[in-house]
Every structure is written in structure tokens, then in C-alpha cells.
Protein chains: 2
Amino acid sequence: MTASLHDFCARRGDLTAPCRLCGAREFNICQALDPAQQDKLFALATRLQLGKRDRLFAAGEPASHVYNLTEGTVALSRSLADGRRQILGFLLPGDFLGLEVGEAHRCDAETLTEAKVCRFERAAFDGFLKDNPEVALRLLKIASSDLAQAARHEVLLGRKTATERIASFLLDLRDRSGARHLRTQPLALPMTRSEIADYTGLTIETVSRVLGRLKSGKVIELIGASAVRVLDDARLERMSGSS
Amino acid sequence: MTASLHDFCARRGDLTAPCRLCGAREFNICQALDPAQQDKLFALATRLQLGKRDRLFAAGEPASHVYNLTEGTVALSRSLADGRRQILGFLLPGDFLGLEVGEAHRCDAETLTEAKVCRFERAAFDGFLKDNPEVALRLLKIASSDLAQAARHEVLLGRKTATERIASFLLDLRDRSGARHLRTQPLALPMTRSEIADYTGLTIETVSRVLGRLKSGKVIELIGASAVRVLDDARLERMSGSS
DNA sequence: CTGGACGTTTGATCCTGCTCAAGGCACCGC
DNA sequence: GCGGTGCCTTGAGCAGGATCAAACGTCCAG
């Protein structure tokens, strides 16, 4: 599962600039760093190859590592004692996860697809942070934009109708995928209906019905169950009730 | 409205340590600073006295300042075009607000009570941040715990019943008030039913009915409309369905 | 190619919380 | 003290989405 630094570099055939060929380099935490710092940071990293439905960490576990997702999709979620689950967000390549203020992780992190991450020992990462204040500022920006995303999600969950939630979800996923240069037409839905339901605060049946209605209204086209093509952008936007 | 540095110090009769008597000193952003740094930071601050229902900033406005609440209660909210509103949280003394990654504020901030804040020019604050990396780390912790709070709120909005939402809201407000040494028994509710509704994703009628039920079930006692006494802690906890 | 398992769709019915409506209460200015 | 204006409570009826149930695909192992 764990690829050694040497393995990683060998696989890429570029020992001197190991991050240079990383697919998520443009978006992730390394972005702000000059090559020397990148090398230092990379020396702290373990690259992991993860399978489908692998758990990176669970709520309550000691937060011993932080992660930078470089390939694949990850879902963050929290569950109630009786099993009700709320998915907090779907992470895409470049996204950073696992940074906690306290000792323990506050949510579960699970891959939806095969995925690759850079994993950092938390203690080592904290040390790097102290020596590289500009990385702390970058993390602050990341946290702040995560907070903005959470706020939009709270509006979705607290005040939007089922149709608005699904429309918002589709547009948000499309925009974020687009920003990462992932294919958006058709747009892959690596999550199941159950996961869409747990993200939107609905049930699978309602998710399925709303998607069906959007389809028969020619707003979207469903390609199998795990891809969509947006046919009427403007209408979907209007249906999302955003802002 | 704006008190000068001199006014502020004079009022307290302590020119040499202006932050030392601040009611929120124990909790707010100044916490981690040594006296010399505190003085520098304080030189950047404008102290503001705000009235009830004053707006600190609105979504979309240029984020020209950041704020540290030192007295009173503030609500952060976002609204949809048709007026539906979602309150993201209620801020208490010591809470920090207004830090945005981009140019504009992403939510509205309004006082619920008379309040006092320390306001910082954003540019000056950013400069201070660059010179004091440990403040950036502290802000990172604040952002991270805001994110944890947002996650709990997402669970509340997406997966909890009306009763669970109200119970969770009361317990959360009580715990956060207690942590700031505010009175918790009875616990003041500086927000209206409408604001509780917009925080919990319910309607005023449902909020009122659930509070009525908790009251007739002897779980809480209502003291007027804007204070509660928790009579049965354990039961309220169980009703909140947390974690 | 076939059987089974799992995820998805679709249908019928139910229920929680919303909407609409009216009445009560408390606070404030006059 | 008195009227008025918000805010809060309570009631009746409704509806959006949940629940329960069943059929349908699709993908994979054998």
C-alpha cells in the first residue's frame, strides 16, 4: 500500500524534482513553495495508493497525519450514534484534509474511488509549518475557503428544497471538477445515490426521483447511473436557488 | 461610535496595558501574544461600541476589516435571493470574525445585542500576521475549530429532527456560554424565535412548539421568552442525538 | 452465458414539520 | 394607564419528502 520515496521517484523517473510531475501540483499545498522548500516538504511525505472505499481515518481517532489528495475522490462525513450519516463534502485532487486543532479527527474520511495521497506525519508537518510561515498562511486560506464551502452547504441543508439541493450539488461538483481540469461534460459522479443523499440531507429515493425529473425535463442527461451531462445550464442554475 | 485609543485607555485608567482589562482577553486573538506584541496589535485596533441589530458587514461587501468580538452576541448568516435566511452561527465574546480568503465578505454579520468589537484594518492586520507567524498559527486553530463547529451544524441541519435540533442548539449555546464564563443557569437567549428558526433550519412555529414541549416535559423552564433554565440535563443531552 | 448481489428506479402511503390563521403577551411611547 | 406594535404561542389543515415495498438494471464471478 505504502510506496517508498524511492519507489515513487523511480516510477516517475525524475529523482530531482519529485513533485514536478504530480497531477495535483497546480492546486495543492505545495503550490506556494519554491523548489528547495518543495524538496524539504516532499522528504516528509509518504505517498499512498488507496483502493475504492478505503478509510483514511475515522472520527475520534488520533490525528497523527495530515493528507493532500493528489488523485481520486474522498468523502468526509460524520455520523450519529444510530447510524444517520451526514456527508460534509466530496474532496477532489489538490484538496487538503486531516488538519485538526485537537488530538482527534472530527470526521470520517473515505475514498470513493481509487486514490493517491501524500501523507505527512503531523509532528513533522507542524515543524515544517513553524519554519515556513507562508505555508501557514496558505493553510489559513485553505481553511477559510473550506469555511466558505461549509457555509454554502449549511444554506443548502437548512433552507433549500430537494430540487434546489440536487441542482446545487451538481453545479458545485461540476465547477469544482472544472477548476481541477477534470472532465465536466459528461460529469462523473463517483458517489452512489446513497452518498448524494447523505450529502444533500435527503433520501436515496428522493435523490433518484429528482434526478429523474431533471432528466425528463431535459435539464440533464443521465449516462448510466454515475455520470451526467448538463443540457440546460441556465435552467439548472435557476433551479439551484443560489445566493 | 468609534472610541480613540486614548479614550479607551482613559476609560480604563491603565495606559500601559490596554488589553489587560479586556473582558475577552482570555479567549480572543490576543491570547497567545506577549505584552510587547499585544501593544503592537492594539495600536492597529479601533474599538467600536455597537447597538442592537447593528450590521458589521454584509455578504459581498469588500472585506476591508477583521474583527474580534469582546462583548455581546453577533449572528453570521447567508440569505437566498428570495429572502430565505440561514444563520451560520451565533458568536460570543472572544470570537473572531471577518477573515476572508478573497476580497469580499461571504456572509452577513449582525449584532443581536449591544456589543463591543476590536476592529483591524485588513491590510495592517495582514502585515502583523506576516511579522508574527504564531498569530497565523492561532488563526489557523480558530479556523479549524470554526470548521468543526460548521460540521456539527451541517449534521444538525441535514440529519436531525426538530426536537434534536433545538436540544442541540440549547446545549451548544450553554456550553459555549459557559466556556466564556457567561451565566448558564438561567441561560440568556439573546436571539428571537425567528433567529433560532433560521439557525436550526425550522420555522418559528416549530421552534415555539418544541420549546413548549420541552417545557411541559419538565426538561427546561422558560423564563420569559429570552432565557431558559435546563432542568434535566441528561434528558436534554439524550434528546439532542449528538454524535 | 447465467445467477446473484447490489445499486437504482418507481409506486403507494404516511408523517413530520410547514403554512395559514388567530389570539395572547410584553414592552414602549404617549 | 392605554393603545399599539412586535413577538410569541397555539390551532387546523396541508404537503414535501420520508418510509415501506417491489421491480428493474447492471456488473461481476463462476
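Refer to the structure above for everything that follows.
Reference entry: report on the structure contained in this document. (Residues numbered from 1 in each chain as written. Chains lettered and ligands numbered in written order. Predicted model: local features only at pLDDT ≥ 70, side-chain atom pairs only at ≥ 80, totals over all residues. Heavy atoms only, no water.)

### A few points about the overall build of chain A
In step 1: Within chain A, the regular secondary structure consists of eight helices and twelve strands.
In step 2: Looking at chain A as a whole, 53% of its 243 residues are labelled buried.
In step 3: Of the contacts made within chain A by residues no fewer than 6 positions apart, 70% connect residues no fewer than 24 positions apart.
In step 4: Accessible surface, chain A as shown: approximately 10,700 Å² in total, 52% of it carbon and sulfur. (Helix = DSSP H or I, 4+ residues; strand = E, 2+ residues; numbered from the N terminus. Buried < 20%, exposed > 50% of the residue type's maximum accessible area, 1.4 Å probe, protein only. Contact = heavy atoms within 4.5 Å. Areas by Shrake-Rupley, 256 points an atom, 1.4 Å probe, with all protein chains shown as cover.)

### A short note on the protein's contact with DNA strand C
In step 1: Surrounding DNA strand C, one finds 15 residues, the nearest of these being A:Arg193, A:Ser208, A:Arg209, B:Ala162 and B:Thr206.
In step 2: Expressed as a percentage, the sugar and phosphate content of the atoms of DNA strand C within 4 Å of the protein is 62%.
In step 3: Contact between DNA strand C and B:Ala162: a phosphate oxygen at 2.8 Å from a main-chain N or O atom of the residue.
In step 4: Of all the elements in the fold, those that place two or more residues in the surface near DNA strand C are α6 (193–200) and α7 (204–216) of chain A together with α7 (204–216) of chain B.
In step 5: Of the residues contributing to the surface near DNA strand C, the split by class is three nonpolar, seven polar and five charged. (Near = heavy atom within 4 Å. Polar contact = N/O pair within 3.5 Å; in protein donor to acceptor, adjacent residues only side chain to side chain. Nonpolar A, V, L, I, M, F, W, Y, C, P; charged D, E, K, R; others polar.)

### Focus on the relation of the copies chain A and chain B
In step 1: When chain A is brought onto chain B, the operation consists of a screw motion whose angular component is 180° and whose axial shift is 0.0 Å, with 0.0 Å RMSD remaining. Those values place the two copies in the arrangement expected of a two-fold rotation axis.
In step 2: When you check the interface residues of chain A against chain B, 100% turn up at the interface there too, and the contact is symmetric in its surfaces. (Least-squares fit on C-alpha atoms with pLDDT ≥ 70 in both.)

### Considering the packing of helix α6 (residues 193–200) of chain B against α7(B)
All names here are of chain B.
In step 1: Where α6 meets α7, the axes come as close as 8 Å, and the angle between the chain directions of the two elements is 100°. The pairing of α6 with α7 is recorded here as roughly perpendicular in orientation. Here Arg 193, Ser 194, Ile 196, Ala 197 and Thr 200 of α6 come into contact with α7, specifically with Ile 204, Val 207 and Leu 211.
In step 2: Looking at the contact of α6 with α7, its residues break down into five nonpolar, two polar and one charged. (Axes fitted to C-alpha atoms, helices over the stretch in contact; angles between N-to-C directions. Parallel < 35°, antiparallel > 145°, perpendicular 65-115°, else oblique.)

### Digging into the protein's contact with DNA strand D
In step 1: Near DNA strand D lie 14 residues; those nearest to it are A:Ala162, A:Thr206, B:Arg193, B:Ser208 and B:Arg209.
In step 2: Interatomic distance of 2.8 Å between a backbone N/O atom of A:Ala162 and a phosphate oxygen of DNA strand D.
In step 3: B:Arg209 places a polar side-chain atom, nitrogen or oxygen, 2.8 Å from a base nitrogen of DNA strand D.
In step 4: Secondary structure elements with two or more residues in the surface near DNA strand D: α7 of chain A together with α7 of chain B.

### Here we look at the side chain of A:Asp198
In step 1: With respect to the helices and strands, the residue A:Asp198 is situated in helix α6.
In step 2: Of the polar contacts made by the side chain of A:Asp198, one reaches the side chain of A:Arg85; its length is 2.7 Å.
In step 3: Side chain to side chain, A:Asp198 and B:Arg159 meet in a polar contact 2.8 Å long.
In step 4: Beyond its immediate chain neighbours, meaning those up to four positions away, A:Asp198 contacts A:Arg85, A:Gln86, A:Ile87 and B:Arg159.

### Quick notes on the sheet that holds strand β11 (residues 220–222) of chain A
All names here are of chain A.
In step 1: Spatially, the three strands line up as an open sheet ordered β10-β12-β11, and their pairing is antiparallel. Here the strands that pair on one side only, and so sit at the sheet edges, are β10 (187–188) and β11.
In step 2: Pairing of β10 with strand β12 (residues 227–230) involves two bridges; the strand directions are antiparallel. Among the inter-strand pairings, Ala 188 is bridged to a residue of β12, identified as Ala 227. (Pairing = 2+ DSSP bridges.)

### What about the pattern of salt bridges?
In step 1: Summed over the entire model, instances satisfying the criterion amount to 30 salt bridges over all chains.
In step 2: Of the charged contacts, one joins A:Arg85 and A:Asp198 as a salt bridge, the two residues approaching to 2.7 Å between their closest N and O atoms. Of the two residues, A:Arg85 sits in strand β6 (residues 85–91) while A:Asp198 sits in helix α6, which places them 113 residues apart along the sequence.
In step 3: Residue classification places A:Arg85 among the partly exposed positions, given a relative accessible area of 21%.
In step 4: Of the charged contacts, one joins B:Arg176 and B:Asp172 as a salt bridge, the two residues approaching to 3.4 Å between their closest N and O atoms. Here the residue B:Arg176 and the residue B:Asp172 both occupy positions in helix α5 (residues 162–179), the gap between them amounting to four residues, near one helical turn. (Salt bridge = Lys/Arg side-chain N within 4 Å of Asp/Glu carboxyl O.)

### Brief notes about the sheet that holds strand β3 (residues 55–57) of chain A
Strand pairing within a sheet occurs via backbone hydrogen bonds; the two strands may be parallel or antiparallel.
All names here are of chain A.
In step 1: Ordered by their spatial adjacency, four strands build an open sheet running β3-β8-β5-β6, and the pairing between neighbours is antiparallel. The outermost strands of the open sheet, each flanked by one partner alone, are β3 and β6. If you compare each strand with its neighbour and ignore which way they point, the axes differ by 30° on average.
In step 2: The pairing of strand β5 (residues 74–79) with β6 spans six bridges and is classified as antiparallel. Its bridge partner being in β6, Val 74 is matched across the sheet by Leu 91.

### With respect to the interface of chain A and chain B
In step 1: Listed per partner, the contact involves 45 residues of chain A and 45 residues of chain B.
In step 2: Across the interface of chain A and chain B, roughly 3,800 Å² is buried in total on both sides, 64% from carbon and sulfur atoms.
In step 3: When the buried area of chain A at its contact with chain B is split by residue, A:Leu140, A:Glu154 and A:Arg159 rank highest and sum to 21% of it.
In step 4: There are four salt bridges connecting chain A and chain B.
In step 5: A salt bridge links A:Arg159 to B:Asp198; the nearest nitrogen and oxygen atoms lie 2.8 Å apart.
In step 6: Among the elements that take part in the side of chain A that touches chain B, helix α4 (residues 133–159) of chain A stands out by supplying 21 residues, more than any other. (Buried area = accessible area lost by both parts, 1.4 Å probe.)

### Considering the environment of B:Ala151
In step 1: Mapped onto the fold, B:Ala151 is located in helix α4 (residues 133–159).
In step 2: The contact partners of B:Ala151, leaving out residues within four places of it in the chain, are A:Arg78 and A:Leu88.

### Quick notes on α7(A)
In step 1: Taking 1.5 Å per residue as the helical rise, α7(A) with its 13 residues ought to reach 18 Å, and the 18 Å between its terminal C-alpha atoms agrees with that figure.
In step 2: Buried positions along α7(A) lie against α5 (162–179), α6, β11 and α8 (233–239) of chain A. (Expected span 1.5 Å × (residues − 1).)

### Quick notes on the layout of surface pockets
In step 1: Empty space within the second largest pocket amounts to approximately 990 Å³.
In step 2: Contributing to the lining of the second largest pocket are 41 residues, with A:Leu91, A:Phe96, A:Ile142, A:Ser145 and A:Asp146 lying nearest its centre.
In step 3: Those elements that provide at least two residues to the lining of the second largest pocket are β6, β7 (96–97), α4 and α5 of chain A together with α4 of chain B.
In step 4: Broken down by element, the residue count for the lining of the second largest pocket peaks at eleven residues, all from α4(A).
In step 5: For the lining of the second largest pocket, the residue count by class is 21 nonpolar, eight polar and twelve charged. (1 Å grid on protein atoms, 1.4 Å probe; cavity = no way out; pocket = protein on both sides within 12 Å on 5 of 7 lines; lining within 4 Å. Points joined across faces, edges and corners; volume = space filled by probe spheres on them.)

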